[in-house]
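Close look at the chain arrangement
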Amino acid sequence: MKVLDYSEIEGSSGTYVGWLALLGVFLALGGGAALTMEHYGHAITGMNNQIVWGLPHVFAVFLIVAASGALNVASIASVFGKSFYKPLAPLSGLLALALLMGGLAVLVLDLGRPDRLIVAMTYYNFKSIFAWNILLYTGFMALVYVYLWMMMERRFNVHTKKAGIAAFSWRLILTTGTGSIFGFLVARSAYDTAVMAPMFIIMSLAFGTAIYLITVVAAYRWTGRELGFSVIARLRGLLSTFVAAVFLIVTIYHLTNLYITQHHNVERFILLEGGIYTALFWIGQIGIGGVIPLWLCWAKRWQTSTQAAVVASLFVVVGGLAQMYVIIIGGQALPLDMFPGFAVSSSFYDGQIAQYTPSVYELFLGVGGVALAGLVVSVGVKILRFLPVSLADSVIDPHVKNPTGKK
């Protein structure tokens, strides 16, 4: 592989300015929604005493999980020594930081009292996984900053592998911690399983790779830079592998619950009788987020299509949001089994399926977090050299076979 030149994008075209303006609009909508919710309280949202984590948490957890997976490309290059991915590594680190910023912004602004984050940052209850996550998120950002510094400063390139191993280890711990938030909640039968931690790790790889593929294609198409077939082929292969792995771990999760008698009610609810949650599981998570992307990645007719790879990635993102909705909100909608073997009813909705309809404020806040992540990446590639000037096959992998089978 040749020595590559990196450069900032020009960033003066009408398309780029229009893109920033669009992100700014969504960011303003998100900020306005947060201020409105802060002023009037969560009573104006669809959240209630039964559903305390709503649509903003779906976006926040999705972005945080995807941030860990977005760093996967850089990890493959430095930790596992795959030189092909080295030119793709800086953008991988930037995207990981941007997604984490967007997710944490949504998470903090959805607290109702964002100022109370100061309490969480100064008083730690180490029996709480939430306290651990404060350290995990900030530590991840610090390590990725150092990792990028080692990659982009030639004097420190010799330390890239060490920084990469540290960041790789930390992101696995981070995603395990995020999954454990749900796995440790034994009162919720939809959450109460150790499988949650590895499932979140696998999901992060699928979501992060999908977002990375979309980002790299958009960056090179919109700036008129060359993007070779080999890059898309490698990323598509990674994506299909991780999506298949998500299928496997989700199957294990449901088989585990079916084996445990006390969890049969949650399986009946999610798989058969859950209404919107059952539809999102089968149509959104399994169909849109799994079957269609695998078909687009594996079918011979789409093997040479960049558009098919991008569409597959978009479907993985949509399916991932559906999966988070089912896990987070569907898991809360099922009533608590407070007295196993007995029917429970009261004037406080005990024993009843919780009702939840997201408000437009929640949607705007979630989309605002996505816009923040997009803005960080868009400005980052404008002011710093995250992108190689060319990722053409002749530059990144001269020996790759092109779609026609020739050298």
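Heads up: these notes are all about the structure in this document. As the structure is a computational prediction, the values presented were derived from the model and not from experiment. (Residues numbered from 1 in each chain as written. Predicted model: local features only at pLDDT ≥ 70, side-chain atom pairs only at ≥ 80, totals over all residues. Heavy atoms only, no water.)

Right, let's talk about the overall build of the protein for a bit. Looking only at helices and strands, one finds 14 helices and 2 strands in the protein. Here the C-alpha atoms of the protein give a radius of gyration of 22 Å, agreeing with the 22 Å that 2.2 N^0.38 yields for 407 residues. For the protein, the spread of C-alpha atoms along the three principal axes comes to 70 × 45 × 40 Å. Within the span of the protein, comprising 407 residues, buried residues form 51% of the whole. At a minimum sequence separation of 6, the contacts of the protein that also span at least 24 residues come to 79%. For the protein, the accessible area works out to roughly 19,100 Å², and carbon and sulfur atoms hold 68% of it. The averaged location of the 16 negative side-chain charges in the protein is 14 Å from the averaged location of its 24 positive side-chain charges. (Helix = DSSP H or I, 4+ residues; strand = E, 2+ residues; numbered from the N terminus. Rg over C-alpha atoms; globule rule 2.2 N^0.38 Å. Buried < 20%, exposed > 50% of the residue type's maximum accessible area, 1.4 Å probe, protein only. Contact = heavy atoms within 4.5 Å. Areas by Shrake-Rupley, 256 points an atom, 1.4 Å probe, with all protein chains shown as cover. Lys, Arg positive; Asp, Glu negative; His and termini not counted. Charge placed at Lys NZ, Arg CZ, Asp CG, Glu CD.)

Attention shifts here to a nonpolar patch on the surface. A grouping of M121, Y124, F126, W132 and L135 is seen on the molecular surface, where their side chains present a nonpolar patch of about 480 Å² in accessible area. By the element assignment, Y124 lies in the loop between α5 (117-122) and α6 (129-152). When its relative accessible area of 32% is taken as the criterion, Y124 is described as partly exposed. (Patch = residues over 30% accessible without salt bridge, like charges linked within 9 Å, V, L, I, M, F, W, Y side chains within 5 Å. Salt bridge = Lys/Arg side-chain N within 4 Å of Asp/Glu carboxyl O.)

We now examine the nonpolar core. With 117 residues, the main nonpolar core has L99, F200, F207 and M324 as its most contacted residues. A total of 15 residues in this core trace back to one element, the largest contributor, which is helix α8 (residues 196-223). Excluding its chain neighbours within four sequence positions, the residues that come into contact with M324 are V58, V61, F62, V65, F200, M203, F207 and I329. (Core = buried A, V, L, I, M, F, W, Y, C linked by side-chain atoms within 4.5 Å.)

Looking now at the pattern of salt bridges. Opposite charge on two side chains makes pairing possible when the charged atoms of those side chains draw close. Counted according to the given criterion, the structure contains 2 salt bridges. Taking the shortest distance from any N to any O, the salt bridge between E153 and R155 comes out at 3.2 Å.

As a further point, take the packing of aromatic side chains. Counted by the stated rule, this structure contains 12 aromatic pairs. Relative to F207, the ring of F62 has its centre 5.0 Å away and its plane inclined at 35°; by these criteria the two rings are tilted. Pair noted here: F62 is in helix α2 (residues 55-70) and F207 is in helix α8, with a separation of 145 residues, a long-range link. Here F84 and Y85 contribute two aromatic rings whose centre-to-centre distance is 5.4 Å and whose plane-to-plane angle is 80°, an arrangement assigned as edge-to-face. A single burial state applies to F84 and to Y85, both of which are buried. Grouping aromatic residues by their ring pairs yields a cluster made of W53, F182, Y191 and F200. We note R234 situated over the ring of F84; from NZ or CZ to the ring centre the distance is 4.0 Å. (Phe/Tyr/Trp six-rings, centres within 6.5 Å; stacked < 30°, edge-to-face > 60°. Lys NZ or Arg CZ within 6 Å of the ring centre and 35° of its normal.)

For the rest of this paragraph, the subject is the packing of α2 against helix α12 (residues 306-333). At a minimum axis separation of 9 Å, α2 and α12 run at an interaxial angle of 125°. Taken together, the axes of α2 and α12 are oblique relative to one another. Every pair of crossing elements has a handedness; the one defined by α2 and α12 is right-handed. Counting all contacts with α2, which are made through L55, H57, V58, F59, V61, F62 and V65, the residues of α12 involved are V317, G320, L321, M324, Y325, I328 and I329. Here the residues of the contact of α2 with α12 sort into 12 nonpolar, 2 polar and no charged. (Axes fitted to C-alpha atoms, helices over the stretch in contact; angles between N-to-C directions. Parallel < 35°, antiparallel > 145°, perpendicular 65-115°, else oblique. Left-handed = near helix turned anticlockwise from the far one by under 90°. Nonpolar A, V, L, I, M, F, W, Y, C, P; charged D, E, K, R; others polar.)

Take D110: it is sitting in the loop between α4 (89-109) and α5. Excluding residues that lie within four positions of it along the chain, D110 makes contacts with M37, H42, M47, P56, H57 and L365.

What follows is about the environment of M203. In this fold, M203 is placed in helix α8. Sequence separation between M203 and Q323 is 120 residues; the distance between their C-alpha atoms is 9.5 Å. If sequence neighbours within four positions are ignored, M203 has contacts with V65, V246, Q323, M324 and I327.

In helix packing, the relevant descriptors are the interaxial angle and the interaxial distance, both defined with respect to the helix axes. As a packed pair, helix α11 (residues 276-298) and α12 sit with axes 8 Å apart at the nearest point and diverge in direction by 155°. As the angle between them shows, α11 and α12 are arranged roughly antiparallel. Where α11 crosses over α12, the handedness of that crossing is left-handed. Taken together, the residues that form the contact of α11 with α12 break down as 19 nonpolar, 6 polar and no charged.

By the element assignment, G369 lies in helix α13 (residues 360-383). In the structure, G369 is positioned 338 residues away from G31 in sequence and 9.4 Å away in space, judged by C-alpha atoms. Apart from residues lying up to four places away in sequence, G369 is in contact with L63, G102 and V106.

Let's shift gears to the environment of R113. Relative to the helices and strands, R113 resides in the loop between α4 and α5. Through-space distance from the C-alpha of R113 to that of G41 is 9.3 Å; in sequence the pair is 72 residues apart.

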